[in-house]
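Structural description and commentary
Residues per chain, in single letters:
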Amino acid sequence: MSHDVTPLYVADVSAFTKALRKSLSEADSFPGHAAMLAMVAKAAGFRNHQHLKAEQPKAQELDELALKRALRVFDDHGRMIRWPKWTKVQGLCLWPFWALMPAHQDLTEKQVNEILKPGLTFGDHVLLRRSLIDHKLATRTTDGRVYRRIEQRPTPEALALMDRLKKR
């Protein structure tokens, strides 16, 4: 029998344990699995276990079409061979380059170029550098001297793209 993982975030552990302790002390006997799930859910502020499960964020479906289009612009060695037409795919294709930039570190334009150039075959690293800024994956000073990666969580599609490119 498979089971779904139901994450539980408790903002106030003290209040949670007090409520759980109270529920356990009111029970006639040691509760079974289902009763224990209900007690934990109630202590966390939910009506019951079903309410807790219903409130969980839904797993995001991958945009397979965008992912497929993004994979087409990379060769067998994971290098970009052309710039994609669609803006959504362009943004997706920038994530592997974002991942190559060191976190929390100022970079010069030359350093950014050294990171980008090996990852493409069509030779327009300037387009990629500008696009990283346009898609809010990196910032630069107004004079263009200092570049910095913007720290953020990659989208599920970006993670899938980077994973599939590593396997090539």
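What counts, and where the lines are drawn
- Residues numbered from 1 in each chain as written.
- Predicted model: local features only at pLDDT ≥ 70, side-chain atom pairs only at ≥ 80, totals over all residues.
- Heavy atoms only, no water.
- Helix = DSSP H or I, 4+ residues; strand = E, 2+ residues; numbered from the N terminus.
- Rg over C-alpha atoms; globule rule 2.2 N^0.38 Å.
- Buried < 20%, exposed > 50% of the residue type's maximum accessible area, 1.4 Å probe, protein only.
- Patch = residues over 30% accessible without salt bridge, like charges linked within 9 Å, V, L, I, M, F, W, Y side chains within 5 Å.
- Areas by Shrake-Rupley, 256 points an atom, 1.4 Å probe, with all protein chains shown as cover.
- Salt bridge = Lys/Arg side-chain N within 4 Å of Asp/Glu carboxyl O.
- Lys, Arg positive; Asp, Glu negative; His and termini not counted.
- Charge placed at Lys NZ, Arg CZ, Asp CG, Glu CD.
- UniProt positions renumbered as here; feature names shortened; annotations may be inferred.
- Arc of directions from axis to C-beta.
- Contact = heavy atoms within 4.5 Å.
- Domains from an automatic or database assignment.
- Phe/Tyr/Trp six-rings, centres within 6.5 Å; stacked < 30°, edge-to-face > 60°.
- Lys NZ or Arg CZ within 6 Å of the ring centre and 35° of its normal.
- Core = buried A, V, L, I, M, F, W, Y, C linked by side-chain atoms within 4.5 Å.

**Digging into the overall build of the chain**
Along the backbone of the chain there are eight helices and two strands. In sequence order, the chain lays out its α and β elements as α-α-α-α-α-α-α-β-β-α. Taking 15 Å as the expected radius of gyration for a compact globule of 168 residues, we find that the chain reaches 24 Å, considerably beyond that expectation. Oriented by its inertia axes, the alpha-carbon framework of the chain measures out at about 75 × 35 × 25 Å. For the chain, the proportion of its 168 residues judged to be buried stands at 33%.

**With respect to a positive patch on the surface**
On the surface, Lys68, Arg72, Arg82 and Lys85 cluster together into a patch of positive charge. Along the chain, Arg72 turns up in helix α4 (residues 64-72).

**Description of the UniProt feature "domain: DUF2087" (unreviewed entry) in the chain**
Within this numbering scheme, the UniProt entry marks residues 79-149 as carrying the feature "domain: DUF2087" (unreviewed entry). Secondary structure within residues 79-149 divides into 45% helix and 8% strand; the distance between the first and last C-alpha atoms comes to 20 Å.

**Overview of helix α6 (residues 109-116)**
Residues of α6 that are buried: Val112, Asn113, Ile115 and Leu116. Looking straight down α6, one finds that the buried residues subtend no more than 160 degrees of arc, so they occupy a single side. In α6, the exposed positions that point more than 90 degrees away from the buried face belong to Lys110 and Glu114. Close packing links the buried residues of α6 with α5 (87-100), α7 (125-134) and β2 (147-149).

**Side note on the domain arrangement of the chain**
It is common to report an interface's size as the accessible area lost on association of the parts. When its domains are assigned, the chain resolves into domain 1 (13-55) and domain 2 (64-167). Distance between the C-alpha centres of domain 1 and domain 2: 46 Å.

**Here we look at the packing of aromatic side chains**
Applying the stated rule across the entire model yields one aromatic pair. Measuring from centroid to centroid gives 4.9 Å for Trp95 and Trp98, while their planes differ by 70 degrees, and the two rings are edge-to-face. Residue Trp95 and its partner Trp98 are both found in helix α5; the two are separated by three residues, about one turn of the helix. Here Trp95 matches Trp98 in class, with each residue buried. In this arrangement the basic side chain of Arg69 is found over the ring face of Trp86, its NZ or CZ atom lying 3.9 Å from the centre. Over the ring of Trp98 we find Arg149, and its NZ or CZ is 3.9 Å from the ring centre.

**With respect to the side chain of Arg129**
By the element assignment, Arg129 lies in helix α7. The contacts of Arg129, once residues within four sequence positions are left out, are Glu109, Val112, Asn113, Leu116 and Tyr147.

**Topic: the nonpolar core**
Ranked by internal contacts, the top residues of the largest apolar core, which has 32 residues, are Phe74, Met80, Leu128, Leu132 and Leu161. At the level of secondary structure, the elements contributing two or more residues to this core comprise α4, α5, α6, α7 and α8 (156-166). Ranked by residue count, the leading element in this core is α5, at seven residues. If sequence neighbours within four positions are ignored, Leu161 has contacts with Leu67, Ala70, Leu71, Phe74, Leu92, Cys93 and Pro96.

**Comments concerning the pattern of salt bridges**
Counted under the stated rule, the structure contains nine salt bridges. In this structure, the salt-bridge partner of Asp63 is Lys88, at a minimum N-O distance of 2.3 Å. Of this pair, Asp63 sits in the loop between α3 (49-54) and α4 while Lys88 sits in helix α5, and the two are 25 residues apart along the sequence. With relative accessibility at 24%, the residue Asp63 sits in the partly exposed group. Here Lys88 falls in the exposed class, since its relative accessible area comes to 55%. A salt bridge links Arg164 to Glu64, with the nearest nitrogen and oxygen atoms 3.7 Å apart. Taken as a pair, Arg164 in helix α8 and Glu64 in helix α4 lie far apart in primary sequence, 100 residues in all. Since its relative accessible area comes to 41%, Glu64 is described here as partly exposed.

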